[in-house]
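Topology and contacts: notes
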Amino acid sequence: MEHTVSLKQNHVFRRLYAKGKSAVNPCLAVYCRKNNSPRTRLGITVGVKVGKAVVRNRTRRRIKEAYRVHEDRFLPGYDLVVVARVKAGHSRYREVERSLLSLADKLGLLRKEET
RNA sequence: UGAGUAAGACAGACAGUCGCGCGGCGACGCCGAAAGGCCCGCCGUGAGGAAAGUCCGGGCUCCACAGGGCAAGGAUAACGGGUAACGCCCGCCGAAGGCGACUUCAGGAAAAGUGCAACAGAGAUAUACCGCCGGACCGGCGCAGCCGGUCCGGUAAGGGUGGAAAGGCGAGGUAAGAGCUCACCCAUCGGCUGGAAACUGUCCGAUGCUGUAAACUCUAUCCGGAGCAACACCGUGGUGGGGACACAUGGCCGGCCCGGCCGUCCCCGGGAGGUGGCUGGAGCACUCUGGCAACAGGGUGUCGAGAUAGAUGACUGUCAAAUACAGAACCCGGCUUACAGUUUUGCUCGCGCA
RNA sequence: GCGGAAGUACCCAAGUGGCCGAAGGGGCUCCCCUGCUAAGGGAGUAGACGUCUAAACAACGUGCGAGGGUUCAAAUCCCUCCUUCCGCG
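These notes cover the structure that comes with them. (Residues numbered from 1 in each chain as written. Chains lettered and ligands numbered in written order. Predicted model: local features only at pLDDT ≥ 70, side-chain atom pairs only at ≥ 80, totals over all residues. Heavy atoms only, no water.)

Another aspect to go through is the packing of aromatic side chains. For any pair of aromatic rings, the description consists of the separation of the ring centres together with the inter-plane angle of the planes. Taken as a whole and assessed by the stated rule, the structure comprises 2 aromatic pairs. Their ring planes at 75° and their centres at 4.9 Å tell us that Tyr 17 and Tyr 31 sit as a pair that is edge-to-face. Residue Tyr 17 is found in helix H1 (residues 10-19), and its partner Tyr 31 is found in strand E3 (residues 28-34); the two are separated by 14 residues along the sequence. Here the aromatic rings of Tyr 67 and Phe 74 are separated by 5.0 Å at their centres, their planes lie at 55°, and the arrangement is tilted. Given the relative accessible area of 7%, Phe 74 is considered buried. (Phe/Tyr/Trp six-rings, centres within 6.5 Å; stacked < 30°, edge-to-face > 60°. Helix = DSSP H or I, 4+ residues; strand = E, 2+ residues; numbered from the N terminus. Buried < 20%, exposed > 50% of the residue type's maximum accessible area, 1.4 Å probe, protein only.)

Printed below as a string of structure tokens:
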């Protein structure tokens, strides 16, 4: 992914949960905050409650894929954290993709000329 | 053809587009003193039968001991074999279940010793409560007898209790009884037969013993502890300890005094982070020889993940359908548990036909 | 990834082979105290599920995370599994 690096440090996650803007639906929760750099940093969290290791891995890959396919529609320069909720573990890919886009739209992360 | 039983195999495939980890090769550009890194392209490769639970056994690393023995603690348990090792596997014996193929079993010792066995019951590892029998005494009556009572003794056949009551059943025997004696049966031990052994038997003799060792214990064998977050190396800033030099200028807080803090170099130590450990091994495939088998030995071929917030995903088409349990994290050998569907082979029982 | 601990009524829990549905406390109900409430004091109660019953009591059966095993007898001893919690850079 060209303009995106992955977000790894635990303290950055905590800062977003405390201070970032958020949007939620039954499938996902998204937190975001400007980071004053040209790049977007993306973190994905899949908790133990979602399922066993295979389910968690599959969920994380689907979220990553949904972001990758639509990367050019996102505005750069944000820290993003996507949290998978229990429903995401047994949802199809299309549902995950749709809820990611609708939450991003709610937070104003998408370019206006698209859609 | 139906039901069953045992042992295996597979764990979606193929084509196309986009995307990811690792390795190799190539080259334009960028960064860097260099080593090299970033970016791009091509090629190769990329989760399991259980990767799981972490229940056993080993390799490897560090710590301890560096020789041997004993004790403590733990583990295992018919017998023979296999293995690097095992609590695993194979064969075999015994017991239990099934018409059968076959399955299951912590399956040593209770006659070395100790403990425990509630309640019930007369009595629980040894017992006379009732009963039965004999004797003595007393009382009654229709008086060589019978009935009742007390005491002494014999008896484990009968009673009910219990998970378990002193081998079972029949006959003899006796005052009444008793393996007291006899026949048959059962169990244990010893001899003999067969077997490498556990064990076995139309054999002989002796004995007749409650259960529990997943209670302590005894016998035999084995075991030092911790774990790749082990361990080794590099290590900015800050800070601690030690040493050398300097010791009074200077700087900071402050209007000033008093007061407080601050040097340079080397060594030790080492939190963040990084590198190694990190995958070629009791390896895999085919085949030959030995063995009932587990397995061992030989030959030929082959290299099949190595991440570090953690690489396999998404879409389209075809196959009737693509759906089970489920994700490597140092590596192997097992065990246990979860599991949709497809399929191979051997065997058993039943039905039909020839 | 590795190591360790626990699981008993609604909650906290005692019980380590036998009279154990299982001590005790909180809880719940009633009374006293108070103008009212809380706190405090006193008395009492069921303790989970099923069968039986109109309902309740009594009785019987099952039940101490789940399933097996040892034993005459298991909350207790042994094995396997499940869940929860803690520690290790």
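Once that is clear, we can look at the nonpolar core. Formed by 24 residues in total, the largest nonpolar core has its most connected members in Leu 28, Val 30, Phe 74, Leu 80, Val 82, Leu 100 and Leu 109. Where this core is concerned, the elements lending two or more residues are E3, strand E4 (40-46), helix H2 (53-69), strand E5 (78-84) and helix H3 (93-106). Once you skip the residues sitting within four places of it in the chain, Leu 100 turns out to touch Leu 28, Val 30, Ile 63, Ala 66, Tyr 67 and Val 82. Listed in part, the 7 residues of the second largest apolar core include Val 12, Phe 13, Val 81 and Val 83. (Core = buried A, V, L, I, M, F, W, Y, C linked by side-chain atoms within 4.5 Å. Contact = heavy atoms within 4.5 Å.)

In this section: the pattern of salt bridges. Inspection of every chain in the model, using the stated rule, returns 4 salt bridges. As a salt-bridge pair, Glu 65 and Arg 68 come within 2.9 Å of each other at their nearest N and O atoms. On the criterion of helical spacing, the pair formed by Glu 65 and Arg 68 is a turn pair, its members being 3 residues apart in helix H2. Across the pair Glu 95 and Lys 87 runs a salt bridge whose closest N-O atoms are separated by 3.6 Å. Relative accessible area serves as the criterion here: at 37%, Lys 87 is assigned to the partly exposed category. (Salt bridge = Lys/Arg side-chain N within 4 Å of Asp/Glu carboxyl O.)

A word on the sheet that holds E5. With mixed pairing, 5 strands are arranged side by side in an open sheet as E1-E4-E5-E3-E2. Both outer strands of the open sheet, strand E1 (4-6) and strand E2 (21-24), are each paired with one neighbouring strand and no more. Averaged over all adjacent pairs, the angle separating strand axes in this sheet is 20°, with direction ignored. Lying over the sheet, H2 contacts E1, E3, E4 and E5, oriented at roughly 155° with respect to E4. (Pairing = 2+ DSSP bridges. Axes fitted to C-alpha atoms, helices over the stretch in contact; angles between N-to-C directions.)

Around RNA strand B sit 13 residues, and of these Asn 57, Arg 60, Arg 61, Arg 62 and Arg 68 come closest. In the model, a phosphate oxygen of RNA strand B is placed 3.4 Å from a nitrogen or oxygen of the Lys 52 side chain. Measuring from a sugar or linking oxygen of RNA strand B, one finds a side-chain N or O atom of Arg 68 at 3.0 Å. Taken together, the elements giving at least two residues each to the surface near RNA strand B come down to H2 and H3. The biggest single contributor to the surface near RNA strand B is H2, with 8 residues. (Near = heavy atom within 4 Å. Polar contact = N/O pair within 3.5 Å; in protein donor to acceptor, adjacent residues only side chain to side chain.)

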